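The residues making up each chain are set out below.
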Amino acid sequence: WYCERSLHLDDRGVGWLMSLAGIVALCASASLIVLPHKWRGIFTRLAAVTTVAAMTLLAIAPGFAVAALGVTLSTLGLNFTYGIGNQIVQERAPSHLRGRVSAVMGLRFFGLMPITGLGVPSLADVVGTRTALFASALGYGVVALFILARIGDAFNATPSALPATAPHAPAGSSSSWI
């Protein structure tokens, strides 16, 4: 809908945008492996700014080139946001709860997708796609600013600097609680 009506792209153009997003996501995910702890704060802040800029670019994109830049920035920003968040959860969760905590972290993405997947198109039906993208950029920026200001620099702490976790299973216990 957006690619066809706003950007006037055919199936081939949409395919190129999706391919670009996939390649950028793969590269960004691979780069998270080598990201030092001390850079997490700046990368998270840059990811939030990048995502807002990407949505703004997508809102004003006249055609493929600007949309490609917007998709690239959006993919980078969201990949770093979710990737760094998941790394922090994996490092800080007690080992006996790690899988459960990761599942709950997955819900932040998969739980929000249906809500935003219905909300943003409904808004676009009322105010138009480009205005809905601007509103989404503004909303994302405000929420990101609030969260990052509240967290401060806490996500840069190394796992060894964190307090000890919950006690382990009692001696002789061979099963885990589910």
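Reading the values: the criteria
Residues numbered from 1 in each chain as written. Predicted model: local features only at pLDDT ≥ 70, side-chain atom pairs only at ≥ 80, totals over all residues. Heavy atoms only, no water. Salt bridge = Lys/Arg side-chain N within 4 Å of Asp/Glu carboxyl O. Helix = DSSP H or I, 4+ residues; strand = E, 2+ residues; numbered from the N terminus. Buried < 20%, exposed > 50% of the residue type's maximum accessible area, 1.4 Å probe, protein only. Phe/Tyr/Trp six-rings, centres within 6.5 Å; stacked < 30°, edge-to-face > 60°. Core = buried A, V, L, I, M, F, W, Y, C linked by side-chain atoms within 4.5 Å.

(A) Structural context of the pattern of salt bridges. Counted by the stated rule, this structure contains one salt bridge. With a closest N to O distance of 2.8 Å, Arg-40 and Glu-91 form a salt bridge. Here Arg-40 is found in helix 3 (residues 40-60), whereas its partner Glu-91 is found in helix 4 (residues 64-92), with 51 residues between them in sequence. Judged by relative accessible area, Arg-40 falls into the buried class, the value being 2%. By relative accessible area, Glu-91 is classed as partly exposed at 28%.

(B) A look at the packing of aromatic side chains. What the rule picks out here adds up to two aromatic pairs. Seen in terms of ring centroids, Trp-39 and Phe-43 are 6.4 Å apart; in terms of plane orientation they differ by 10°. Their pairing is stacked. For Trp-39, a relative accessible area of 42% corresponds to the partly exposed category. Members of the aromatic cluster, each reached through a chain of ring pairs, are Trp-39, Phe-43 and Phe-80.

(C) Up close: the nonpolar core. Formed by 13 residues in total, the largest nonpolar core has its most connected members in Tyr-2, Cys-3, Leu-7, Leu-17, Leu-58 and Ala-67. At the level of elements, helix 1 (2-6), helix 2 (11-32), helix 3 and helix 4 are the ones that each hand at least two residues to this core. The element that contributes the greatest number of residues to this core is helix 4, accounting for three residues. Ala-28, Leu-32, Phe-80 and Ile-84 belong to the second largest nonpolar core, which has seven residues in total.

(D) The arrangement of unusual backbone geometry in detail. Despite not being glycine, His-8 shows a phi value in the positive range, around 60°. The topology assignment puts His-8 in the loop between helix 1 and helix 2. Residue His-8 is classed as exposed on the basis of its relative accessible area of 63%.

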